[in-house]
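# Observations on chain architecture
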Amino acid sequence: MVMLLENQDDLRERIGRKASTVAIVGNIFLTIFNFVIGTLSGSSALIAESAHTLSDVLTSLIAFVGFKIGMKPADDDHQYGHGRAEPLVGLVIVVFLVFVAYEILSGVYIKLISGNALVAPDLIAAGMALVGILTNVVLTKYLLSAGEKIHSPAIIADGQHQKVDIFSCIAIFVGVLGSQLGYTFLDPLVAIIIALIVIKTAIQLGIDNVNILMGKVPSNDIIKEIESKSMKVSGVKGVHGIRINPMGPYCSVVLHIELSGELKLKEAHVIAHNVEHEILTNVSLIKIATVHVCPHEEECGTEDSL
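About the cut-offs
Residues numbered from 1 in each chain as written. Predicted model: local features only at pLDDT ≥ 70, side-chain atom pairs only at ≥ 80, totals over all residues. Heavy atoms only, no water. Helix = DSSP H or I, 4+ residues; strand = E, 2+ residues; numbered from the N terminus. Buried < 20%, exposed > 50% of the residue type's maximum accessible area, 1.4 Å probe, protein only. Contact = heavy atoms within 4.5 Å. Areas by Shrake-Rupley, 256 points an atom, 1.4 Å probe, with all protein chains shown as cover. Expected span 1.5 Å × (residues − 1). Arc of directions from axis to C-beta. UniProt positions renumbered as here; feature names shortened; annotations may be inferred. Right-handed = clockwise from strand over helix to strand, strands pointing away. Patch = residues over 30% accessible without salt bridge, like charges linked within 9 Å, V, L, I, M, F, W, Y side chains within 5 Å. Salt bridge = Lys/Arg side-chain N within 4 Å of Asp/Glu carboxyl O. Phe/Tyr/Trp six-rings, centres within 6.5 Å; stacked < 30°, edge-to-face > 60°. Lys NZ or Arg CZ within 6 Å of the ring centre and 35° of its normal. Polar contact = N/O pair within 3.5 Å; in protein donor to acceptor, adjacent residues only side chain to side chain. Core = buried A, V, L, I, M, F, W, Y, C linked by side-chain atoms within 4.5 Å.

When you go through the protein chain residue by residue, the secondary structure sums to eight helices and four strands. Across the 306 residues in the protein chain, those meeting the buried criterion constitute 47%. For the protein chain, contacts bridging at least 24 residues in sequence account for 74% of all contacts bridging at least 6. Carbon together with sulfur atoms contributes 64% to the accessible area of the protein chain, which is approximately 15100 Å² in total.

Okay, here's the thing in structure tokens:
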């Protein structure tokens, strides 16, 4: 027996669309101002940050496309829905992050060998860095909150990407002040630190999204929650063989429930449906539930569920 729960899809799409729009508009603002002020002030780190925020615009667009595809309902060719589009988009964002890191490092190298990077940037660059810190804190908190609320790997990946900008703006601020004090090497050094932060974020995002695609269970708590909700249903004497299959923003589950062997087929059928309803209603990550019925009095193998 399989049930597909489709409630709250409209709310989820509205939250996801709003989050992506806010991220795109915010990062367009940061890209323009980082580049203009970085150029006027002579800050290679701020110019590097403008390249990074430009990538944020692109990745937010990509994340939204993945989110929209993941929202598509199940069809004959994708009977479990299109949810895995979101972690796939997460991996695309990883590629963008690696490319941005390369561009930052190559830009710093060119400026170092030409000597242009060893000129102290104006203090206006520090002011822009403070604006960047505040803006990125707001965007990061908003994206991560929205992504976690609707269980969207694509939007969470976008939020983690955004979080990198907080640390890079702090590093830019420190680098500009240090350069003003005569430590001009700090500005290009900070640009290198930004690139390393980007690479670290890319690695972690890659691991997280590959784990989703490989079917890693989100947490052991969800298994305990499924067992607890199933045992609340009248007639259920035991639960075992719980297997979770992550599908991106949601999961499917297969489980065995143990019922009295004296029950009639129709009675067992009703109880199984009640278990499905209990899980789908109360376990937020589960959108698809398949329940097998076993007699409680006999040993029930789980090989047939593999």
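This part takes up the environment of Ala63. Relative to the assigned elements, Ala63 resides in helix α2 (residues 44–70). When residues no more than four places from it in sequence are discounted, the contact partners of Ala63 are Val89, Ile93, Ala154 and Asp158.

Another point: helix α8 (residues 265–282). What sets the pattern is the α-helix's 3.6 residues per turn: residues three or four places apart point alike. Between its first and last C-alpha, α8 extends 26 Å over 18 residues, near the 26 Å set by a 1.5 Å rise per residue. Turning to α8, its buried residues number three or more, namely Ala268, Ile271, Ala272, Val275, Glu276, Ile279 and Leu280. On an axial view of α8, the arc spanned by its buried residues comes to 170 degrees, and they lie on one face.

Within this numbering scheme, the UniProt entry marks residues 21–40, 46–67, 88–112, 124–144, 164–183 and 189–207 as carrying the feature "transmembrane region" (unreviewed entry). Here residues 164–183 is 85% helix and 0% strand, with 24 Å between the C-alpha atoms at its ends. In the segment residues 189–207, helix accounts for 100% and strand for 0%; the C-alpha atoms at its two ends are 28 Å apart.

Let's shift gears to the pairing of strand β4 (residues 286–295). Every other side chain in a regular strand lies on the same face of the sheet, so the side chains alternate between the two faces. Most of β4 sits out of view: seven of its 10 residues are buried. Taken together, strand β3 (residues 251–259), α8 and β4 constitute a β-α-β crossover, and its handedness is right-handed.

Turning our eyes to something else, we now look at a nonpolar patch on the surface. A cluster of nonpolar residues, Ile28, Phe29, Ile32, Phe33, Phe35, Val36, Leu40 and Val131, forms a patch on the protein surface that exposes about 720 Å² of accessible area. The greatest single-element share of the nonpolar patch, amounting to seven residues, is contributed by helix α1 (residues 9–41).

Turning our attention to the packing of aromatic side chains. Tallied over the full model, the rule gives one aromatic pair. With 4.7 Å between their ring centres and 45 degrees between their planes, Phe29 and Phe33 make a pair best called tilted. Taken together, the residues span about one helical turn, with Phe29 and Phe33 both in helix α1 at a distance of four residues. Accessibility expressed as a relative area gives 39% for Phe33, which makes it partly exposed. Here Lys287 stacks its cationic end above the ring of Tyr250, 4.8 Å away from the centre of that ring.

Attention now goes to the side chain of Asn136. For Asn136, the position within the fold is in helix α4 (residues 124–149). Within the local environment of Asn136, its side chain forms a polar contact with the backbone oxygen of Gly132, the two atoms lying 2.7 Å apart. Residues in contact with Asn136, not counting those within four places in the same chain, are Leu30, Gln162, Asp165, Ile166 and Cys169.

To continue, consider the nonpolar core. Core analysis: the biggest nonpolar cluster contains 32 residues, and Ile93, Ile104 and Ile172 have the highest contact counts within it. Of all the secondary structure elements, the ones that give two or more residues to this core are α1, α2, α3 (85–114), α4, α5 (153–180) and α6 (186–213). A per-element tally of this core places α3 first, with eight residues. Ile222, Ile226, Ile242 and Leu255 belong to the second-largest nonpolar core, a separate cluster that totals 23 residues.

What follows concerns α5. Helix length check: α5, at 28 residues, gives a terminal C-alpha distance of 41 Å against a target of 40 Å (1.5 Å per residue), a fit within 8%. Phi turns positive one or two residues past the end of α5, at Gly182, with a value near 110 degrees.

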